[in-house]
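For reference, the chains in residue letters:
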Amino acid sequence: MSASQHTIAGTVLTMPVRIRKADVHSAMFSVAADAAQRLIDYSGLEVCQYRPGRAVVNLMLARYFDGDLGQYHEFGTAVMVNPPGSHARGLRALGSAAAFIHHLPVDQSFTLEAGRRIWGFPKIMADFTVREERHFGFDVSADGSHIAHIDFSPGLPVPAVFTSRPQVLKTYTYAEGNTREVPWEMNTTGVRGRIGGATLRLGDHTYAKELASLGLPKRALVSGSVRNVEMTFGDARAI
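Residues numbered from 1 in each chain as written. Predicted model: local features only at pLDDT ≥ 70, side-chain atom pairs only at ≥ 80, totals over all residues. Heavy atoms only, no water.

## Overview of the packing of aromatic side chains
Considering all chains together, one arrives at 9 aromatic pairs under this definition. Ring centres 6.2 Å apart and planes at 55° place the aromatic pair Phe-136 and Phe-152 in the tilted group. With a gap of 16 residues between them, Phe-136 in the loop between β9 (127-131) and β10 (137-142) and Phe-152 in strand β11 (residues 145-152) connect regions that are remote in the sequence. For the pair formed by Phe-136 and Phe-152, the shared burial category is buried. Ring geometry for Phe-138 against Phe-152: centres 6.4 Å apart, planes inclined by 20°, an arrangement best described as stacked. Taken together, the positions of Phe-138 in strand β10 and Phe-152 in strand β11 put the pair 14 residues apart, joining distant regions of the chain. The two residues Phe-138 and Phe-152 agree in class, both being buried. Cluster of aromatic residues (ring-pair linked, three or more members): Phe-75, Phe-136, Phe-138 and Phe-152. (Phe/Tyr/Trp six-rings, centres within 6.5 Å; stacked < 30°, edge-to-face > 60°. Helix = DSSP H or I, 4+ residues; strand = E, 2+ residues; numbered from the N terminus. Buried < 20%, exposed > 50% of the residue type's maximum accessible area, 1.4 Å probe, protein only.)

Nothing here speaks to function; it is all geometry.
The following block contains the structure:
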């Protein structure tokens, strides 16, 4: 069977889409499960409670340097959810949970159109400021309003034995009345992590107000960075 193709702004993308080099900084926060569920109820998915009444939200900045979608920045809000049909709870359930992408601002129009049309990613246009002088940090704004500012403290290296194998991840999106699963594989090198280590400030954008409804800002559970990420994304399928 021939690979599927999508034409975006006159460019033909052959699946799977490949990201050859990116880096990622992320912070995971513990939030009230009922607040997180209200935020994503429209998806039909169920948040994963890693302990009673608590769910996990991951805020991340990805910088794409080389890939089929070009160079761009991306800020993601991912709520950890159970796969459809599962009602698992506890730390073990969190290990097999999936990411539902609720926010995904980007700063380039090509990836915005591709993300929306191919996978249903909730991409909007945004502006990014990245700082690397002392510690890594960034700001993201959209429509003239500030969304978030996050500063990261350096993490400790994670031994490659724990990160060298390819990861097959489950990711969900929602668009046009349908929840979709996006096939996503990832290889990483240069992983660092630590307890806490991320300071979040929120602005006045609608997205910031949604994050505030979860009880943010607050201390991160854990934070981390990945120096080099390679990824592939296949065609989404409705669930």
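There is more to say, and it comes next.
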